[in-house]
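These are the residues of each chain, in order.
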Amino acid sequence: MTPIVDRFLKYVSFDTQSQPGAACFPSTEKQKVLGAYLVEEMKGIGIADAEMDEFGYVTGTVPSNVDFDVPVFGFISHMDTSPDVSGANVRPRIVRYEGGDLPLESGAVLELSNFPFLERYRGQELIVTDGRTLLGADDKAGIAEIMAACEKIIGSDMPHGKICIGFTPDEEIGMGAEKKPPLQAAVQYAEQLAERLQGYRVAFVHGKLKPKEKDEVIYSTCRLCSLHQQTSFTAALKRKRQN
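In what follows, the accompanying structure is described.

## What about the packing of helix H1 (residues 4–11) against helix H2 (residues 30–44)?
No. 1: Following both chains from N to C, one finds H1 and H2 inclined at 150 degrees, their axes separated by 12 Å at the closest point. What the angle tells us is that H1 and H2 run roughly antiparallel. Where H1 approaches H2, its residues Arg7, Lys10 and Tyr11 are matched on the opposing element by Leu34, Tyr37, Leu38 and Glu41.
No. 2: Residues that form the contact of H1 with H2 fall into these classes: four nonpolar, no polar and three charged.

If you want it as structure tokens, here you go:
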């Protein structure tokens, strides 16, 4: 299996900024470059029907491996990054945070006085940019979670229902479902996985490090979604068997 952090670091190497006011969809063709890469990766882990349509929506399914009905689950994430800050030539680093201010390579500093919650992560590893670009954790971390979860599920004997995957363009400019509401008709339950990676905190920086800007945060960790999914599927299977 490909380590989840390696996946994430690969995805952030793609510049996928969306562009408000564009006359085309997706708003930038470069989003489809990542989309094409994801299709090939999905096929490589066993998602045979993976495809990208003319609008840049990437979809695929993991078929059920049980012979009775269980809910269809959907996992959604988006490929584009904010148009406010460059997403080109991202230089991520994994650093161990030992407390205090956190300097970045550009000379910018995440000051503890502005980001007091950093203290919670003393002794842990953070993924940060060099301070010149955004990181792209919103929402390439979600893509990495979904891909890692699907690879684990496909490669195991975990009983599960059908899983639908959808990666969308142009979410950052409010147009993510403009051409195709992702998975809307296909699933009973869906979850958009956000900027978190198991075992890591993901930090990304916008502009002048004003602490109240929505994207200037350190996200707390969550369990890898495959483990969450295993719990959900097991619960669904137990309900079915009890009924």
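## A short note on the pattern of salt bridges
No. 1: Tallied over the full model, the rule gives ten salt bridges.
No. 2: Where Glu119 meets Arg122, a salt bridge forms, and the shortest distance between an N and an O atom there is 2.6 Å.
No. 3: The exposure class of Glu119 is partly exposed, given its relative accessible area of 32%.
No. 4: Assessed through its relative accessible area of 44%, Arg122 is described here as partly exposed.
No. 5: Here the salt bridges do not stand alone but share partners, grouping Arg91, Arg93, Glu105, Asp130 and Arg132 into one network.

## Some remarks on H2
No. 1: Taking 1.5 Å of rise per residue, 15 residues should cover 21 Å, and H2 covers 22 Å from first to last C-alpha, within 8% of that figure.
No. 2: Looking only at H2, the buried set comprises Gln31, Lys32, Leu34, Gly35, Leu38, Val39, Glu41 and Met42.
No. 3: The elements touched by buried residues of H2 are H1, strand S1 (51–52), strand S2 (58–62), helix H3 (137–154) and strand S8 (163–168).

## Comments concerning unusual backbone geometry
No. 1: Residues Phe25 and Pro26 are joined by a peptide bond in cis, for which omega reads 0 degrees.
No. 2: In this structure, the amide linkage connecting Asp138 to the following residue, Asp139, adopts the cis form with an omega of 10 degrees.
No. 3: Positive phi values are uncommon outside glycine, yet Asn89 reaches one of about 55 degrees.
No. 4: Here Asn89 is to be found in the loop between strand S3 (73–78) and strand S4 (93–96).
No. 5: On the accessibility criterion, Asn89 (70% relative accessible area) is exposed.
No. 6: Although it is not a glycine, Asp170 adopts a positive phi angle of roughly 60 degrees.

Basis of the calculations
Residues numbered from 1 in each chain as written. Predicted model: local features only at pLDDT ≥ 70, side-chain atom pairs only at ≥ 80, totals over all residues. Heavy atoms only, no water. Axes fitted to C-alpha atoms, helices over the stretch in contact; angles between N-to-C directions. Helix = DSSP H or I, 4+ residues; strand = E, 2+ residues; numbered from the N terminus. Parallel < 35°, antiparallel > 145°, perpendicular 65-115°, else oblique. Contact = heavy atoms within 4.5 Å. Nonpolar A, V, L, I, M, F, W, Y, C, P; charged D, E, K, R; others polar. Salt bridge = Lys/Arg side-chain N within 4 Å of Asp/Glu carboxyl O. Buried < 20%, exposed > 50% of the residue type's maximum accessible area, 1.4 Å probe, protein only. Expected span 1.5 Å × (residues − 1).

Treat this as a map of the structure, not an account of what it does.
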